[in-house]
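Here is how the chains run, residue by residue.
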Amino acid sequence: MTLSDLPLHDSALVESVRDLHANDAIARRLRELGFVKGEDVRLVARGPVGGEPLLVQVGFTRFALRRSEASRIEITAIPAGAGA
């Protein structure tokens, strides 16, 4: 599952960030922002036009991501009530 597929207000754990090519600057930047294996992530909101941008929270920090960027982030959903 990718972050772009996560239902609104649900939480997940980051598994990896997919590189589309060698020296992928976007994938590198996503990892620098905190999208690293084991990190908690939550989809806070979706934009009004086409569901973009996605407002995503990693730790205590929120980021606005395009769907194309969020689709690079592989996640494992946390079942409701599991509390991570």
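Just so it is clear, the structure is predicted and the values come from calculations on it, not from any experiment. (Residues numbered from 1 in each chain as written. Predicted model: local features only at pLDDT ≥ 70, side-chain atom pairs only at ≥ 80, totals over all residues. Heavy atoms only, no water.)

Asker: How should I be thinking about unusual backbone geometry in this particular structure?
Answerer: Trans is the prevailing form of peptide bonds, just as negative phi is the prevailing case for residues other than glycine. Between Glu52 and Pro53 the backbone carries a cis peptide bond, its omega angle lying at -5 degrees. The residue Pro53 is located in strand β3 (residues 52-58) in this model. We note that His9 has phi near 75 degrees; this positive angle belongs to a residue other than glycine. Looking at the secondary structure, you find His9 in the segment before β1 (11-17). Even without a glycine there, the phi angle at Asn23 is positive, about 55 degrees. (Helix = DSSP H or I, 4+ residues; strand = E, 2+ residues; numbered from the N terminus.)

Asker: When you look at the confidence of the model for the protein chain in this model, what are you seeing that I'm missing?
Answerer: In low-pLDDT segments, the atomic positions of the prediction should not be examined closely. The share of residues in the protein chain with pLDDT of 70 or more is 94%, and the mean pLDDT across the chain is 92. When mean pLDDT is taken per element in the protein chain, β1 scores highest with 97 and strand β2 (residues 40-49) scores lowest with 94. (pLDDT = per-residue confidence, 0-100.)

Asker: Whenever I open this one, the pattern of salt bridges confuses me. Can you help?
Answerer: Applying the stated criterion across every chain yields a total of six salt bridges. One salt bridge in this structure joins Asp19 and Arg31, with 3.2 Å as the shortest N-O distance. Of this pair, Asp19 sits in the loop between β1 and α1 (25-32) while Arg31 sits in helix α1, and the two are 12 residues apart along the sequence. By relative accessible area, Arg31 is classed as partly exposed at 32%. Note that Arg72 is salt-bridged to Asp24, the shortest N-O span being 2.6 Å. Highlighted residues: Arg72 in the loop between α2 (67-70) and β5 (73-77) and Asp24 in the loop between β1 and α1, separated in sequence by 48 residues. Grouping residues by exposure puts Arg72 and Asp24 together as buried. (Salt bridge = Lys/Arg side-chain N within 4 Å of Asp/Glu carboxyl O. Buried < 20%, exposed > 50% of the residue type's maximum accessible area, 1.4 Å probe, protein only.)

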